[in-house]
Structure formats: C-alpha cells, structure tokens
Amino acid sequence: MRADTHAGVAALMRMAQERLPRMDSRGLANTLWAVSKLGVYDAAFVGALLVAAKSKLPCFEAQHLANTVYALANLGHEDKAFMRQLLVVAGTKLASFNSQELANTVWALGSLGHKDAAFMGALLVVAKSKLTSFNPQDLANTNLANTVWALATVGHKDAAFMGALLVVAKTKLTSFNSQELANTVWALATLGHKDAAFMGALLVAAETKLTSFNLQELASTVWALATLGHKDALFMRALLVVAETKLAMFNSQDLANTLSALATLGHKDAVFMRALLVVAETKLCSFNPQDLANTVWALATLGHKDAVFMRALLVAAETKLAMFNSQKLANTAWRWPPWATRTQPCKQAWLEEVGNANASRTQLHVLDAVR
C-alpha cells in the first residue's frame, strides 16, 4: 500500500473510532473485515472495536461472527477473552454457517493458535453433516486444504470428520496447488491420520507438480511421509530429483531432517545422498546437537559410507560436546558407523566425554566394543 493511501486509511480509522460505540453488529463486523482486507493494523483501533462489539455479540449473525474471527486472524490480533465470548455465541448459531464460513472459522482459529476443543468438535459435527450437500464452489480446494491444515495446527483430532473430508478432497486433488498438497500431507502427519488410499492419490497428483514445490514444501513432504511411515519409492525418487536442484537453499535442520526421513523410510539414493552431504559439510557449523545426532543415526541406518564427511562432522561435533546432554552423547557414539570409528581424529575425546556424562551401562558396553 502506498504511503499516502495508508495515511488516508489511518485517518478514516481515527474518524471511525469515534463512532464505534454507536455502530450496530453489522457495522462493527464489516468495519473490522474491511480493515483486515486493507491490511492496515492498528492495535488500539481493533481493541476499541472489540470493546464495542463485546456487548453486541448476541446480535451478530453467522456471517458477522465468521468474518470477525477471520479478520482477527488476518490481522494477527489476539484477544483470548473476546474470542472465548465470541465462540460461545457462535456455538449457538453453527447450524446457520455456510461452508465458507465454517472453513474460514476453522482456518482463523488455526492461524491464531486458539484451542477450544468443545467448539471445534461442535463445528465439525455441523460441517460433516453438510459435506455431501455442498456444491462444488462451497468445497473449493483452499477450503479443504485450509481445514485440514488448521485442525493440525491446533492439534484437534477427529477421525470420523477427517475421513469424510478426505473422501471429498480425494475427488479434487488434481486441482490442488503445491502448497495445498504439501500442507495436506504435513497436516495428516501432524495429526497421525493414516489413509493409504488417499495418500496414494495425493502423491500421484503431487508428482505432476513437484517442480512447483518450494524448498519448505519439499522438506515438509519428506518429513510427513516418514512420520506416517508411507513408502512410495517412485514418488520419493521423483521428489529427490527436484530437491537436489534446491539443496543449496536447505538450512541445517532441513538437511538433517531430510536425512532422518530417508533413513526412517529406508530409502536409499546414493546420488542424492552424495549431493546432500556436499552441501551439509559446508553448513556443519550451524548444526545443533540434535541435527548432528540425527545425521549420524541416519547415515548408520542407511549404511552410507563417506569417511570424509564423517571426519568433518566429528570435528564440528567436538566443538559442541558441552551442548550435548548425556543421552545424545551416548546415542551418537552408540550409533556411530563401525566403518568410521577408526578414522575419527577426536574419537578419544568423544568417548571420554560420553563416559563423563553418565551414559547407560549398556551403551558404554557397546562403546567399549568399538574402541
């Protein structure tokens, strides 16, 4: 927004603030919606508007309630007391919400991180009862994907609703964009919801759009498949071909998480692995203890031998020994690949540190065996 336009909107908001106490429910809801669409956030103005709205919430219609929640999420304005009161009113009017209003409300609560299990449960009961009667426009891809994402964000599990939602979503997967596909996979993994048939269909759709996936979407998809334990070698090969072209943009956590995911799935790809380790070696200094430990575990699990990288990793790890807790120290040394133990320039320091960290007797016995 241009500076002069922004100044004009700010002036209008100051004028409107004086009239807020006299506005009816429609005026208050529409004003907040308009402000959010303009992207002009003034905490004092929004706060004053909510004060005026609080006493009039019982008069808000379904559209006003949904738009208010959505606008607050768009603006990133949190007022838990107001939200609780609004949801009490909304709970009595859920039957009047249309699909867009239901979807927007779920998305908004997810965006704000506002958890209300009772309200969400009631909302999903209503949404499920209307799924089969919604027309195609009501069931827009964005609504479907945003609903799954929002439920995962607030950690609300409802297997029956999710199953019904995925039946509908499955018919529209070919028109999902890369963000919608990646967010859906991530959400299902976060919720621990497994549906092999739906996931298979989703990956078929995703494979045709992999070149449109950005770095985060690629990384989160690999993580999600590993979390769900869903193996699809053909899809994974195609994904890694695209990911290899973007490895330079991966940060240390992305690199470590991708290695861990591949190890969890037991997916071996020597070409991709070599390319990943070349990039990872340049970023080892930014690996935290968990990243280092996960990387050691992944390489050991996959049986991928790269003595040069291992030496570099151990040097990086040596500088952070004090940051490792006893469990990470012992687990890292315990999982160290046997073929690499004789090339460690600082192995003795590592083992001494593990011993000083009160590692478990069993783990120390394993360490003794590889000294």
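Please read these numbers as outputs of a predicted model, since none were measured by experiment.

### Thoughts on the overall build of the protein chain
Alright, step 1. For the protein chain, the count of helices and strands is 20 helices and zero strands.
Alright, step 2. When each of the 371 residues of the protein chain is scored for burial, the buried share is 51%.
Alright, step 3. Contacts spanning at least 24 positions in sequence make up 79% of the contacts within the protein chain whose residues lie at least 6 apart.
Alright, step 4. For the protein chain, the exposed area adds up to about 17,100 Å²; of that, 54% sits on carbon and sulfur atoms.

### Brief notes about the side chain of Glu217
Alright, step 1. Residue placement: Glu217 occurs in helix H12 (residues 215-228).
Alright, step 2. No salt bridge forms around the buried Glu217; measuring N to O, its nearest opposite-charge neighbour Lys246 is 7.1 Å away.
Alright, step 3. Among the polar contacts listed, one links the side chain of Glu217 to the side chain of Ser178, at a separation of 3.2 Å.
Alright, step 4. If near-sequence neighbours (up to four positions away) are discounted, Glu217 is found in contact with Ser178, Gln179, Ala182 and Ser212.

### Overview of the environment of Leu277
Alright, step 1. Looking at where Leu277 falls in the secondary structure, it is placed in helix H15 (residues 270-281).
Alright, step 2. Sequence separation of Leu277 and Val308 is 31 residues, and the distance between their C-alpha atoms is 9.9 Å.
Alright, step 3. Ignoring anything within four residues of it in the chain, the contact list for Leu277 reads Leu259, Leu299, His304, Asp306 and Phe309.

### Comments concerning helix H3 (residues 43-54)
Alright, step 1. If you check H3, its first and last C-alpha atoms are 16 Å apart, about what twelve residues at 1.5 Å a residue would give, namely 16 Å.
Alright, step 2. Residues of H3 that are buried: Phe45, Val46, Leu49, Leu50, Ala52 and Ala53. Axial view of H3: buried residues confined to an arc of 160°, hence all on one face. The exposed residues of H3 that point more than 90 degrees off its buried face are Ala44 and Val51.
Alright, step 3. Capping the start of H3, Asp42 holds a side-chain oxygen 3.0 Å from the backbone nitrogen of Ala44, two or three residues further along.

### Things to note about the packing of helix H2 (residues 25-38) against helix H4 (residues 62-75)
Alright, step 1. Between H2 and H4, the least distance of the axes is 9 Å, while the angle of their chain directions is 30°. Between H2 and H4, the crossing angle belongs to the class labelled roughly parallel. As H2 packs across H4, the resulting crossing turns out to be left-handed. Only His64, Asn67, Thr68, Tyr70, Ala71, Leu72, Asn74 and Leu75 of H4 make contact with H2, whose side of the interface consists of Ser25, Arg26, Ala29, Leu32, Trp33, Val35 and Ser36.
Alright, step 2. Of the residues assigned to the contact of H2 with H4, the class counts are eight nonpolar, six polar and one charged.

### Examining the confidence of the model for the protein chain
Alright, step 1. Scored by pLDDT, the protein chain has a mean of 85; 81% of the residues are at 70 or more.
Alright, step 2. Averaged pLDDT values for the elements of the protein chain fall to 38 in helix H20 (residues 361-370) and rise to 98 in helix H13 (residues 233-244).

### Examining the environment of His230
Alright, step 1. Along the chain, His230 turns up in the loop between H12 and H13.
Alright, step 2. Sequence-wise, His230 and Ala196 are 34 residues apart; in three dimensions their C-alpha atoms are separated by 7.6 Å.
Alright, step 3. Residues contacting His230, with those up to four places away along its chain left out, are Ala196, Met199, Gly200, Leu203, Leu225 and Leu265.

### Let's talk about the packing of helix H14 (residues 252-265) against H15
Alright, step 1. Contact geometry of H14 with H15 gives a least axis separation of 11 Å together with a crossing angle of 155°. In this view, H14 runs roughly antiparallel relative to H15, as classed from their interaxial angle. Once H14 is placed against H15, the crossing between them reads as left-handed. Where H14 abuts H15, its residues Leu255, Thr258, Leu259 and Leu262 lie against Phe272, Met273, Leu276, Leu277, Val279 and Ala280.
Alright, step 2. Here the residues of the contact of H14 with H15 sort into nine nonpolar, one polar and no charged.

### Thoughts on helix H7 (residues 117-130)
Alright, step 1. Relative to the 20 Å expected for 14 residues at 1.5 Å per residue, H7 spans 20 Å between its end C-alpha atoms, a close match to the ideal helical length.
Alright, step 2. For H7, the complete set of buried residues consists of Phe119, Met120, Gly121, Leu123, Leu124, Val126, Ala127 and Lys130.

### With respect to the environment of Leu202
Alright, step 1. Mapped onto the elements of the fold, Leu202 is located in helix H11 (residues 196-207).
Alright, step 2. When the C-alpha positions of Leu202 and Ala169 are compared, they lie 9.4 Å apart, and in sequence the two are 33 residues distant.
Alright, step 3. When near neighbours in sequence (up to four residues on either side) are disregarded, Leu202 contacts Leu173, Leu181, Thr184 and Val185.

Criteria and thresholds
Residues numbered from 1 in each chain as written. Predicted model: local features only at pLDDT ≥ 70, side-chain atom pairs only at ≥ 80, totals over all residues. Heavy atoms only, no water. Helix = DSSP H or I, 4+ residues; strand = E, 2+ residues; numbered from the N terminus. Buried < 20%, exposed > 50% of the residue type's maximum accessible area, 1.4 Å probe, protein only. Contact = heavy atoms within 4.5 Å. Areas by Shrake-Rupley, 256 points an atom, 1.4 Å probe, with all protein chains shown as cover. Lys, Arg positive; Asp, Glu negative; His and termini not counted. Salt bridge = Lys/Arg side-chain N within 4 Å of Asp/Glu carboxyl O. Polar contact = N/O pair within 3.5 Å; in protein donor to acceptor, adjacent residues only side chain to side chain. Expected span 1.5 Å × (residues − 1). Arc of directions from axis to C-beta. Axes fitted to C-alpha atoms, helices over the stretch in contact; angles between N-to-C directions. Parallel < 35°, antiparallel > 145°, perpendicular 65-115°, else oblique. Left-handed = near helix turned anticlockwise from the far one by under 90°. Nonpolar A, V, L, I, M, F, W, Y, C, P; charged D, E, K, R; others polar. pLDDT = per-residue confidence, 0-100.

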